[in-house]
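# Observations on the model geometry
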Amino acid sequence: MKNSTAVVPPFLVLDQLLQSWLLEDIGRGDRTTQSLLSQTTDLREAKWIAKEAGVIAGLPIAARVFQILNAQVSLVTDIEEGEYCEVGRVVARLHGPMDALLTGERVALNLAMRLSGIATATRQYVEKIGDLPTQLVDTRKTTPGLRLLEKYASQVGGAVNHRMGLDDAVMIKDNHIAAAGGIGEAIAQVRAQIPYPLTIEVETETLSQVEAALKFGADIIMLDNMPLEVMRQAVGLIRQENERIKIEASGNITLATIRAAAETGVDYVSTSAPITRSTWLDLSMKLEVDNCN
């Protein structure tokens, strides 16, 4: 896998999701395939072809879609997960019963195209800061039901996953601060109740809030929607006080602004854009009907 530490989620977790998506598509049966094929045991081959250039993600998951339908299906990749491919390149080759190939085609392609689109967009952001120590981080702005896979695709593209859910870590945001009556009060209440391994991140918008987060012992400080000059001052203030505190820049990060934000000296830049604004990478499947076994 190129430029990535991504690990495919375990099938124990994935299978229930994949089965539900197959059931959504198949319903009471694949009327077309069942009507056309009298013998469902015939083995055929098919190719997946890239119709546009981009970073490929989701092939192991696509393979699992077909295997749930029929364990005889095999998917052999012609490209590494996370590798950039050009238009017209064969991405993968499938071999198995024709009915399984036809019935699983849409769900498998949909997943691979969605995840490849995210990985492609993520890679563009990562390359903008590739020579800097700052890392790109994703967010919880994901499609309901797809978070596990969308964050996997984000990793394939080279980003670092932020928390997967509300139970991973504490993030005290503006509304939490307002509800608690201040940053100090919020940190104190949370610190008294959370399990030992969890860290506390505090969202700040001003230098005075940064000072409060430092005073009351935040582990991570987010600089949210700060002008660049204020962000630089905040980074200097935090580094002078405690070099071990991690700093995250967030808020309206785009391809045009990510490098400037990273150059302020933050450890992480977070953005939802590679997931929320990416487009699908177009892939197609071509059945080789003359290749019989």
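Please refer to the structure higher up on the page.
Heads up: these notes are all about the structure in this document. Computed from a prediction, not measured in an experiment: that's the story for all the values here. (Residues numbered from 1 in each chain as written. Predicted model: local features only at pLDDT ≥ 70, side-chain atom pairs only at ≥ 80, totals over all residues. Heavy atoms only, no water.)

## Here we look at the overall build of the chain
What counts here: Numbering of helices and strands starts at the N terminus; helices are DSSP runs of H or I of at least 4 residues and strands are runs of E of at least 2. Only protein chains enter the accessibility calculation, which uses a 1.4 Å probe. A residue is then buried if its area is under 20% of the maximum for its type, exposed if over 50%, and partly exposed in between. We call two residues in contact when some of their heavy atoms are within 4.5 Å. Working definition of accessibility: Shrake-Rupley area with a 1.4 Å probe, residue cover restricted to the visible protein chains. Counted charges follow a simple rule, with Lys and Arg positive, Asp and Glu negative, and His plus the chain ends left uncounted. All charge positions are set by atom: Lys at NZ, Arg at CZ, Asp at CG, Glu at CD.
Check the secondary structure of the chain and you find eleven helices and twelve strands. If you line up the chain on its principal axes, its C-alpha atoms span 75 × 40 × 25 Å. Across the 293 residues that make up the chain, the buried fraction comes to 47%. In the chain, the proportion of contacts linking residues at least 24 apart, taken out of those at least 6 apart, comes to 73%. Accessible surface, the chain: about 14,600 Å² in total, of which carbon and sulfur atoms supply 51%. Seen as two clouds, the 28 positive and the 37 negative side-chain charges of the chain have centres 1 Å apart.

## Here's the deal with the nonpolar core
Test applied: For our purposes a nonpolar core is just a set of buried Ala, Val, Leu, Ile, Met, Phe, Trp, Tyr and Cys residues, chained together by side-chain atoms within 4.5 Å.
Membership of the largest hydrophobic core comes to 44 residues, with the highest contact counts inside it found for Trp48, Val91, Leu94 and Leu111. Taken together, the elements giving at least two residues each to this core come down to α1 (11-26), β1 (43-50), α3 (59-69), β5 (90-97), α4 (98-128), α5 (147-156) and β12 (283-288). Among the elements that line this core, the one with the most residues is α4, at eleven residues. Look past the residues within four positions of Leu94 in its chain and what remains in contact with it is Arg44, Glu45, Ala46, Trp48, Phe66, Val73, Ser74, Leu75, Leu101 and Met285. Tyr125, Ile177, Ala213 and Ala262 belong to the second largest nonpolar core, which has 33 residues in total.

## Considerations on the packing of aromatic side chains
Put simply, the rule is: Side-chain rings of Phe, Tyr and Trp, where Trp is taken by its six-membered ring, are said to pair if the distance between their centres is within 6.5 Å; with planes under 30 degrees apart they count as stacked, over 60 as edge-to-face, and otherwise as tilted. Whether a charge sits over a ring comes down to the Lys NZ or Arg CZ being within 6 Å of the ring centre and within 35 degrees of the ring normal.
Counting across every chain of the model gives one aromatic pair. The interplanar angle of 65° and the centroid separation of 6.4 Å between the aromatic rings of Trp48 and Phe66 together place this pair among those described as edge-to-face. Of the two residues, Trp48 is situated in strand β1 and Phe66 in helix α3; the sequence distance between them amounts to 18 residues. The exposure class of Trp48 is buried, given its relative accessible area of 0%. Here Phe66 falls in the buried class, since its relative accessible area comes to 0%. The lysine or arginine in question, Arg64, covers the ring of Phe11, its NZ or CZ lying 4.3 Å from the ring centre.

## With respect to the sheet that holds strand β6 (residues 135-137)
Defined as follows: A strand pair is defined by DSSP finding two or more bridges across the two strands. Note on method: axes are straight lines fitted to C-alpha atoms, helices fitted across the in-contact stretch only, with angles between N-to-C directions ranging 0 to 180 degrees.
With respect to topology, six strands assemble into an open sheet ordered β6-β11-β10-β9-β8-β7, the strand pairing being parallel. Two strands bound the open sheet, and with one partner strand each, they are β6 and β7 (170-172). With direction set aside, neighbouring strand axes in the sheet form an average angle of 25°. Note that β7 and strand β8 (residues 200-204) share three bridges and pair parallel. Bridging across to β8, Val170 finds its partner in Ile200.

## Examining the side chain of Arg163
Note the cut-off: For this analysis, a salt bridge means a side-chain nitrogen from Lys or Arg found within 4 Å of a carboxyl oxygen belonging to Asp or Glu.
Residue placement: Arg163 occurs in the loop between α5 and β7. No salt bridge is formed by the buried Arg163, whose closest oppositely charged neighbour, Glu201, lies at an N-O distance of 6.6 Å. Apart from residues no more than four positions distant in its own chain, Arg163 is found in contact with Arg140, Lys151, Asp168, Ala169 and Met171.

## Description of the sheet that holds strand β3 (residues 74-77)
The sheet built from four strands is open, its strands ordered β3-β5-β1-β12 with antiparallel pairing. Two strands in the sheet have a free side with no partner beyond their single neighbour: β3 and β12. Pairs of neighbouring strands in the sheet enclose a mean axial angle of 20°, with direction left out of account. Contacts from α4 reach β1, β5 and β12, with the element oriented near 165° to β12.

## Re the pattern of salt bridges
Once the charged atoms of two side chains with opposite charge are near each other, the side chains can pair. The final tally for this structure, using the stated rule, is 13 salt bridges. Across the pair Glu83 and Arg89 runs a salt bridge whose closest N-O atoms are separated by 3.3 Å. We classify Arg89 as partly exposed; its relative accessible area is 31%.

## Section: the environment of Ile26
Mapped onto the elements of the fold, Ile26 is located in helix α1. Judged by its relative accessible area of 23%, Ile26 falls in the partly exposed class. Residues Ile26 and Val107, spaced 81 residues apart in sequence, show a C-alpha to C-alpha distance of 9.7 Å. In contact with Ile26, not counting residues within four places along its chain, are Leu69 and Thr103.

## Re unusual backbone geometry
With the exception of glycine, the majority of residues adopt a negative phi angle, and the majority of peptide bonds are in the trans configuration. The backbone of Asn225 sits at a positive phi, close to 55°, despite the residue not being glycine. Relative to the elements of secondary structure, Asn225 occurs in the loop between β9 (220-224) and α9 (228-241). With relative accessibility at 45%, the residue Asn225 sits in the partly exposed group.

Everything listed is a geometric property; what it means functionally is a separate question.
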